Amino acid sequence: MMPSSGSSASRGPGRRGPGFDFTFHARRLCEDMTARLPELAHIDMARVAVGFSQARKNVGHGLFASLTPLRFAGGRTETVRRGRRWTIQRLVDASGREMLYVLTFYLPRFLDLEFHEKLSTIVHELWHIGPRFDGDLRRFAGRCYVHSGSQKRYHAHAAQLARQWLAMNPPESLYAFLRHDFRGLAALYGRVFGRRAPTPKLIPL
């Protein structure tokens, strides 16, 4: 099951309690991006778990966000490694709907990025979701199938899509929280919290 909210890692407009619910607002932002950008139209955010993980050190390098696929290549539920069959632990929401991906933000590191870099990072991770939306990643030709051989070029494309989304004039209330760093957001709302990112495990069959 998906972990429940509650961790100190905020809620704003439409807040349901003291503080700022980061994962609630991050999900709303992702839902708008996938609704407006044709390149992300294949994504059903109802089947993407959004969570956060606390960065061990508040430094300017390391992971800012990550996308974890919950299926193997081609959307398969099983794979064979070193002669042994494996599957991935199922992750479902409160209604029993099975998740296909886990989108994780590393706090406070992500929130301490520059505003446009935050938007680019979100698109960067969403763009990893395969066009068939089958639980597998978008795969490019060659050995570096995740970033098409150039992570710099991949991220530049994500930055371009982020700019296109912003040019569509989405409601500022969706992304206003990204104009604050972690300390600023916590000072404004009292605390920052949200859903912890689940860590599905490989299970031998």
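This text goes with the structure placed above it.
Being a predicted model, the structure only gives us computed values, none of them experimental. (Residues numbered from 1 in each chain as written. Predicted model: local features only at pLDDT ≥ 70, side-chain atom pairs only at ≥ 80, totals over all residues. Heavy atoms only, no water.)

Enquirer: It is not clear to me how the packing of aromatic side chains should be interpreted in this structure. Could you clarify?
Expert: For any pair of aromatic rings, the description rests on two quantities: the centre-to-centre distance and the angle between the ring planes. On inspection of all chains with the given rule, the structure shows nine aromatic pairs. Ring geometry for Phe20 against Phe177: centres 5.4 Å apart, planes inclined by 35 degrees, an arrangement best described as tilted. Note that Phe20 is positioned in strand β1 (residues 20-21) and Phe177 in the loop between α4 (172-175) and α5 (182-189), a separation of 157 residues in sequence. In this structure, Phe20 and Phe177 share a single accessibility class: buried. The rings of Phe20, Phe22, Phe105, Phe110, Phe177 and Tyr189 are connected pair by pair, giving a single aromatic cluster. Lying across the ring of Trp86, Arg84 places its NZ or CZ 5.4 Å from the centre. Cation over ring: Arg138 sits above Trp127, and NZ or CZ is 3.5 Å from the ring centre. (Phe/Tyr/Trp six-rings, centres within 6.5 Å; stacked < 30°, edge-to-face > 60°. Helix = DSSP H or I, 4+ residues; strand = E, 2+ residues; numbered from the N terminus. Buried < 20%, exposed > 50% of the residue type's maximum accessible area, 1.4 Å probe, protein only. Lys NZ or Arg CZ within 6 Å of the ring centre and 35° of its normal.)

Enquirer: It is not clear to me how the sheet that holds strand β4 (residues 78-81) should be interpreted in this structure. Could you clarify?
Expert: Each strand in a sheet pairs with its neighbour through backbone hydrogen bonds, running either in the same direction (parallel) or in the opposite one (antiparallel). Taken together, the three strands give an open sheet; going across it, the order is β4-β5-β8, and neighbouring strands pair in antiparallel fashion. One side of each edge strand has no neighbouring strand; the edge strands of this open sheet are β4 and β8 (202-204). For this sheet, the mean angle separating the axes of adjacent strands, direction not counted, is 40 degrees. As defined by bridge partners, β4 adjoins strand β5 (residues 84-88) across four bridges and the pair is classed as antiparallel. Counted as the bridge partner of Thr79 is Trp86 from β5. (Pairing = 2+ DSSP bridges. Axes fitted to C-alpha atoms, helices over the stretch in contact; angles between N-to-C directions.)

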